[in-house]
Amino acid sequence: MNTLHIDTGVGMRGGQWQALYLLRGLAEYGHGVRLLAPAGSPLFQAAAAQQLDARPLRLSRLFAATRGMDLIHAHDARAHTLAVLTGKPAIVSRRVGFPVKRNLASRWKYSRAAHFIAVSQYVRHALVEAAVDPSRVTVVYDGVPIHALTNAEQRTRVVALDSDDPAKGKKIVERASELAGTPIHFSTNLLRDFPEAALFVYITDLEGLGSAVLLAMANGAPVLASAVGGLPEIVEDGVNGLLTSNEPEAVAQAMRRLVDDGMLASRLAARGRVRVEKEFSVERMVNETLRVYERILT
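The rules behind the values
- Residues numbered from 1 in each chain as written.
- Predicted model: local features only at pLDDT ≥ 70, side-chain atom pairs only at ≥ 80, totals over all residues.
- Heavy atoms only, no water.
- Pairing = 2+ DSSP bridges.
- Helix = DSSP H or I, 4+ residues; strand = E, 2+ residues; numbered from the N terminus.
- Axes fitted to C-alpha atoms, helices over the stretch in contact; angles between N-to-C directions.
- Contact = heavy atoms within 4.5 Å.
- 1 Å grid on protein atoms, 1.4 Å probe; cavity = no way out; pocket = protein on both sides within 12 Å on 5 of 7 lines; lining within 4 Å.
- Points joined across faces, edges and corners; volume = space filled by probe spheres on them.
- Nonpolar A, V, L, I, M, F, W, Y, C, P; charged D, E, K, R; others polar.
- Polar contact = N/O pair within 3.5 Å; in protein donor to acceptor, adjacent residues only side chain to side chain.
- Parallel < 35°, antiparallel > 145°, perpendicular 65-115°, else oblique.
- Left-handed = near helix turned anticlockwise from the far one by under 90°.

1. Re the sheet that holds strand S7 (residues 137-139)
In a beta sheet, neighbouring strands are held together by backbone hydrogen bonds and run either parallel or antiparallel to one another.
Now for step 1: Strand order in this open sheet of seven strands is S3-S2-S1-S4-S5-S6-S7, and the pairing throughout is parallel. One side of each edge strand has no neighbouring strand; the edge strands of this open sheet are strand S3 (53-56) and S7. Direction aside, neighbouring strands of the sheet carry axes that sit 25° apart on average.
Now for step 2: For strand S6 (residues 115-118) and S7, the ladder comprises three bridges, and the chain directions are parallel. Residue pairing for S7: Ala118 is matched across the bridge by Val139.
Now for step 3: Across the sheet, helix H4 (residues 77-85) lies against strand S1 (2-6), strand S4 (71-74), strand S5 (90-94) and S6, angled at about 165° from S4, the strand it touches most.
Now for step 4: The strands touched by helix H12 (residues 282-297) within the sheet are S1, S4, S5, S6 and S7, with S6 carrying the most contacts at an inclination of about 170°.

2. So, the layout of surface pockets
Now for step 1: Space inside the second largest pocket adds up to approximately 400 Å³.
Now for step 2: As for the second largest pocket, its lining consists of 21 residues, of which Arg155, Ala198, Pro222, Ala265 and Ser266 are closest to the centre.
Now for step 3: Residue assignment for the lining of the second largest pocket shows that the elements contributing at least two residues are strand S8 (157-161), strand S10 (197-202), helix H10 (248-260) and helix H11 (262-279).
Now for step 4: Ranked by residue count, the leading element in the lining of the second largest pocket is H11, at six residues.
Now for step 5: Classifying every residue of the lining of the second largest pocket gives 13 nonpolar, five polar and three charged.

3. Observations regarding the side chain of Thr204
Now for step 1: Relative to the assigned elements, Thr204 resides in the loop between S10 and helix H9 (211-218).
Now for step 2: Side-chain polar atoms of Thr204 contact the backbone oxygen of Ala167, separated by 3.3 Å.
Now for step 3: Not counting chain neighbours up to four residues away, the residues in contact with Thr204 comprise Ala167, Lys168, Ser226, Val228, Leu231 and Asn246.

4. Some words on the packing of helix H1 (residues 14-28) against helix H2 (residues 42-49)
Now for step 1: Contact geometry of H1 with H2 gives a least axis separation of 10 Å together with a crossing angle of 20°. Taken together, the axes of H1 and H2 lie roughly parallel to each other. Every pair of crossing elements has a handedness; the one defined by H1 and H2 is right-handed. Residue-level contacts link Gln16, Ala19 and Leu20 of H1 to Leu43, Ala46 and Ala47 of H2.
Now for step 2: Its residues placed into classes, the contact of H1 with H2 shows five nonpolar, one polar and no charged.

In structure tokens form, the structure reads like this:
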């Protein structure tokens, strides 16, 4: 099977990491993969470094890049538009939790995709609410690598995502930190910082799923996350993490609880790690995506 993947992002966020994991997994299974991404983007550079077929995304070369491809997989909204223009069967990953637009252009675009891969049941519901036939939507959860864990003694930081996006709750976390008297390390490189994380705080207005939370759990960090979007599909409150409302006082109380109760934090972290191993591995994500491809092509 030969698949063309299109991603128009210029950063390396959760969607780009998932695209890279998928490309590598498909190639390891012996399938032909090709990536179109902005030249110089982190995804383009990473794919090229791993000797995958990565080509600069140029509209003038879009149709030439589809030759020999069985289907197109679009990994973001702009890629969705490009994919349906090619005339090839188009699979579209939908990662965001906000409602689908109802204008004429959006209705046309969503009617042309062969199938949608929703990153959570929450996102699937948003697509169905937008009149996408439920038979055209399959949930495939993100997958994350599972690495060896660091010793508990190395875990000294309360970590949160450093983001300028107002929806990502940095101001709420800053205020909660003041109320709890707990210093926060705002990370620009979660993979680097998770081995030192005694707690990961993820506050957001809306989330399709939350691959950063999965990474934290895979790396043995207890998680405190907003009870919004697809996050409750990952974090079961009091079982493998804690969920919170987005009021600073509530966030501060939950932070303090996990910082003060090491046994609780360790128990939640261990259960989180086990759940990721069982349900959110890269291998499982790749195999479930392959099943979608095979269903569409047959």
